[in-house]
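The lines below spell out each chain.
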Amino acid sequence: MRRVAIALPVIMLLMVLLAPAPALAKDEVIVEVISIAASSGDEDAESGGEAFVDPKLSGYAKKLRALFAYTKYTFLASGRTETDFGSPCTFQLPERFSLIVEPERMEESEGRIEMMVTLVHEVEGERGEAHREREEGRQGGRQEIVLRTKIRLGNGGTVLLGGPPIEGGVLILALSARG
Amino acid sequence: MKMAKGCRISRYLTAYVDNELDERTRRRVDGHLASCADCASELDSILASDRILRAVPKPAVADDRWATFRVDLSQALDEVDREARRKRARVREARPVYGTYRRRALATAGAFAAVVFVAVALGPLGLFDQWNRNANECVVDSIETFSAGYTPMFFTSEDPEMTVIWVFADEVEGGVNGERPGAR
């Protein structure tokens, strides 16, 4: 009886500490993308002090300020979807950008999610003509592959992608995945 | 042996037979027996039993047994007393054991509550982020662009631990200059 009384709280404690996130179906991955506009306008610089971060991005404020030198971070949009391994999902982003995320497999040994990430920009006119053979045609404009990367992301982790210019700044994407 | 009902005198009948009453009480019993049929009948029953018992021969007991009987009886009574003391001692010892068990249980429950409180209270402050540190680990196996004017790179910072994949656009960044994105 005494052993049970001592062991029970210990077991409960271990269960609390080691409890995994709510289980998904084995082949499902939750992918979330948050779009951020980063800028360094003169009016921002005049305000001095630390960079302004949109309250909707409070969870990323510390990271954004530490990693980048922009003075203003504005929340643009967010998207979240569930997909299967091997099934790509597409997020429509501001200013004709789109992000295609294809989880390929779960790396069992280290618990990372292996995925192919493609950032596409739909362009008009003749820009990118030289790379036409690599581009996929789409009605209303051509699609340029701005970035294609294969990554292994820790389960539940986040990676930041960014750099493409948008109106008044650059686009930053916070890509998270949990399987 | 059936006692005579309703007669207080009947309690003296056995002593009356054994000649153990004082003179005054004996005269009272004599007077009562003359008028109470129930007590007289009970007295007859007692006398009959007495006669039967006296008729039974005494068991043969050796003289040396009588000599040690008092000592043996004393030792047996002492042993009874010791056993009673041991039982009381065991009961006294059981109390601290129960108290210790209860204290341990309370201490364990208190420690558990303290750990849960610390986790709940300090978790939002990020003190346990290192437990989940590998969540943000990101290995970049390949990185490329198919658009002119972009230069893709990636870097991983330690604090905060985060991997950043960046496509430097010539028209915005003026090329890769080794500084943080956004630096002017």
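Keep in mind that this is a model prediction, so the values were computed, not measured.

A. Inspection of the packing of aromatic side chains at higher detail. Under the counting rule described, the total for this entry stands at 5 aromatic pairs over all chains. Relative to Tyr-73 of chain A, the ring of Tyr-70 of chain A lies with its centre 6.3 Å away and its plane at 90°, an arrangement referred to as edge-to-face. Here the two residues Tyr-70 of chain A and Tyr-73 of chain A agree in accessibility, since each one is buried. Following the ring pairs from residue to residue traces out a cluster consisting of Phe-68, Tyr-70 and Tyr-73 of chain A together with Trp-166 and Phe-168 of chain B. The lysine or arginine in question, Arg-26 of chain B, covers the ring of Tyr-16 of chain B, its NZ or CZ lying 4.5 Å from the ring centre.

B. View of the nonpolar core. Residues and elements named next belong to chain A. Formed by 33 residues in total, the largest nonpolar core has its most connected members in Leu-93, Leu-99, Met-115, Ile-151 and Leu-175. Not counting residues within four places of it along the chain, the set of residues in contact with Leu-93 comprises Val-33, Ser-35, Ser-98, Leu-99, Leu-119, Leu-171 and Leu-173. One finds Ala-38, Ala-51, Leu-57 and Leu-64 within the second-largest nonpolar core, a separate group that totals 21 residues.

C. View of the packing of helix H2 (residues 23–35) of chain B against helix H3 (residues 37–55) of chain B. Residue and element names in this part refer to chain B. Interaxial distance between H2 and H3 falls to 6 Å at its minimum, and their mutual angle equals 110°. One way to sum up the angle between H2 and H3 is to call them roughly perpendicular. Two secondary-structure elements touch here, H2 through His-32, Leu-33 and Ser-35 and H3 through Ala-37, Cys-39, Ala-40 and Leu-43. Here the contact of H2 with H3 is composed, by residue class, of 5 nonpolar, 2 polar and no charged.

D. Spotlight on H3 of chain B. All names here are of chain B. Between its first and last C-alpha atoms H3 spans 27 Å; for 19 residues at 1.5 Å apiece the expected length is 27 Å, and the two agree. Regarding H3, the residues found buried are Cys-39, Glu-42, Leu-43, Ile-46 and Asp-50. Summarising the axial view, the buried residues of H3 lie within an arc of 105°, below the 170-degree limit, and thus occupy one face. Of the exposed residues in H3, the ones pointing more than 90 degrees away from its buried face are Ala-37, Arg-51, Ile-52 and Ala-55. On the buried face of H3, the contacting elements are helix H1 (13–17) and H2.

E. Looking closely at unusual backbone geometry. Unusually for a residue other than glycine, Arg-96 of chain A sits at a positive phi of about 65°. Residue placement: Arg-96 of chain A occurs in the loop between strand E4 (89–92) and strand E5 (97–107). Even without glycine at this site, Asn-19 of chain B takes up a positive phi of about 60°. Inspection of the secondary structure puts Asn-19 of chain B in the loop between H1 and H2. What makes Asn-19 of chain B exposed here is its relative accessible area of 58%.

F. Main features of the sheet that holds strand E3 (residues 161–169) of chain B. Strands sit in the order E2(A)-E3(A)-E1(A)-E10(A)-E9(A)-E3(B)-E2(B) across an open sheet of 7 strands; the sheet is mixed. Looking along the sheet, the strands with just one partner apiece sit at the ends: strand E2 (52–53) of chain A together with strand E2 (150–158) of chain B. The pairing of E2 of chain A with strand E3 (residues 72–84) of chain A spans 2 bridges and is classified as parallel. Directly across from Val-53 of chain A, in E3 of chain A, lies its bridge partner Tyr-73 of chain A.

G. Focus on the pairing of E3 of chain B. Most of E3 of chain B sits out of view: 8 of its 9 residues are buried. Direction of pairing for strand E9 (residues 158–166) of chain A relative to E3 of chain B: parallel, over a ladder of 4 bridges. Paired with Gly-162 of chain A across the strands is Trp-166 of chain B, a residue of E3 of chain B. Examined bridge by bridge, E2 of chain B and E3 of chain B share 9 bridges and lie antiparallel to one another. Bridging across to E3 of chain B, Phe-154 of chain B finds its partner in Ile-165 of chain B. In sequence, E2 of chain B turns back onto E3 of chain B through a hairpin of 2 residues.

H. Examining a nonpolar patch on the surface more closely. A surface patch of nonpolar side chains, about 480 Å² in accessible area, is lined by Val-61, Trp-66, Phe-69, Leu-73 and Leu-77 of chain B. Note on Phe-69 of chain B: relative accessible area 39%, which makes it partly exposed.

The rules we used
- Residues numbered from 1 in each chain as written.
- Chains lettered and ligands numbered in written order.
- Predicted model: local features only at pLDDT ≥ 70, side-chain atom pairs only at ≥ 80, totals over all residues.
- Heavy atoms only, no water.
- Phe/Tyr/Trp six-rings, centres within 6.5 Å; stacked < 30°, edge-to-face > 60°.
- Buried < 20%, exposed > 50% of the residue type's maximum accessible area, 1.4 Å probe, protein only.
- Lys NZ or Arg CZ within 6 Å of the ring centre and 35° of its normal.
- Core = buried A, V, L, I, M, F, W, Y, C linked by side-chain atoms within 4.5 Å.
- Contact = heavy atoms within 4.5 Å.
- Axes fitted to C-alpha atoms, helices over the stretch in contact; angles between N-to-C directions.
- Helix = DSSP H or I, 4+ residues; strand = E, 2+ residues; numbered from the N terminus.
- Parallel < 35°, antiparallel > 145°, perpendicular 65-115°, else oblique.
- Nonpolar A, V, L, I, M, F, W, Y, C, P; charged D, E, K, R; others polar.
- Expected span 1.5 Å × (residues − 1).
- Arc of directions from axis to C-beta.
- Pairing = 2+ DSSP bridges.
- Patch = residues over 30% accessible without salt bridge, like charges linked within 9 Å, V, L, I, M, F, W, Y side chains within 5 Å.
- Areas by Shrake-Rupley, 256 points an atom, 1.4 Å probe, with all protein chains shown as cover.
- Salt bridge = Lys/Arg side-chain N within 4 Å of Asp/Glu carboxyl O.

What is shown is where atoms sit, not what they do.
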